[in-house]
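Inside the fold
The lines below spell out each chain.
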Amino acid sequence: MLELVFPKDTNYHGTAFGGWVLSLMDKAASVAAVRHASGNVVTARMDGVDFHVPIRVGDAVALDAQVVKVGRTSMTIRVDVYREDMPTGEQELATTGYFVFVGLDEHGKPRPVPPLPGGQDTSSADPDPEARP
């Protein structure tokens, strides 16, 4: 996902509201979770969201979401948020967070979700600068 930061998205310091960034992260994570689960999901938890650098008015925000761990009915999604200085194109990692989603059946009850290919768990992997949006 790619978003632009407008004044309405910021606080009086001219930096992005944390809650606004979290909502973008939740959206990006939900897309990854729905695609992996091939069906309905719900956010169960947000874990370990770290804000590294401020995101300012006029910056672009690029979000990269990846399923990094799968349980029986749950998935952990890592979301990396990059801030981009629009005139220079310079990007840097601004925020990282982990979101847990649960797959739902047609009755809104937890349902099994597919495992990661090869059973890989990449939850501790560093962001790949070459793979960023």
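Data block above holds the structure.
Below or above, wherever it landed, is the structure these notes cover. All values reported here derive from a predicted model rather than from experimental measurement. (Residues numbered from 1 in each chain as written. Predicted model: local features only at pLDDT ≥ 70, side-chain atom pairs only at ≥ 80, totals over all residues. Heavy atoms only, no water.)

Turning to unusual backbone geometry, a few remarks are in order. You will see that Ser38, though not glycine, has its phi angle at about 55 degrees, which is positive. Inspection of the secondary structure assignment puts Ser38 in the loop between α1 (18-37) and β2 (41-51). (Helix = DSSP H or I, 4+ residues; strand = E, 2+ residues; numbered from the N terminus.)

Taken in spatial order, the 5 strands line up as β1-β3-β4-β5-β2 in an open sheet, and their pairing is antiparallel. Two strands close off the open sheet at either side, each with one partner strand: β1 (2-4) and β2. Within the sheet, the average angular offset between the axes of one strand and its neighbour, ignoring direction, is 25 degrees. Where strand β3 (residues 60-70) and strand β4 (residues 74-84) come together, 10 bridges link them in antiparallel fashion. Residue pairing for β4: Ala65 is matched across the bridge by Val79. (Pairing = 2+ DSSP bridges. Axes fitted to C-alpha atoms, helices over the stretch in contact; angles between N-to-C directions.)

Burial analysis of β4 places 10 of its 11 residues in the buried class, which makes it a mostly covered element. As paired strands, β4 and strand β5 (residues 91-103) are joined by 11 bridges and run antiparallel to one another. Bridge pairing in β5 places Arg78 opposite Tyr98. Between the end of β4 and the start of β5, which pair antiparallel, lie 6 residues, with Gly89 showing a positive phi angle near 80 degrees. (Buried < 20%, exposed > 50% of the residue type's maximum accessible area, 1.4 Å probe, protein only.)

Position of Asp9 relative to the elements: it lies in the loop between β1 and α1. A relative accessible area of 3% places Asp9 in the buried class. The residues contacting Asp9, other than those within four sequence positions of it, are Leu4, Thr15, Ala16, Phe17 and Trp20. (Contact = heavy atoms within 4.5 Å.)

Counting 25 residues, the largest nonpolar core has Ile55, Leu63, Met75, Ile77, Val79 and Phe101 as its most contacted members. Secondary-structure elements contributing two or more residues to this core are α1, β3, β4 and β5. (Core = buried A, V, L, I, M, F, W, Y, C linked by side-chain atoms within 4.5 Å.)

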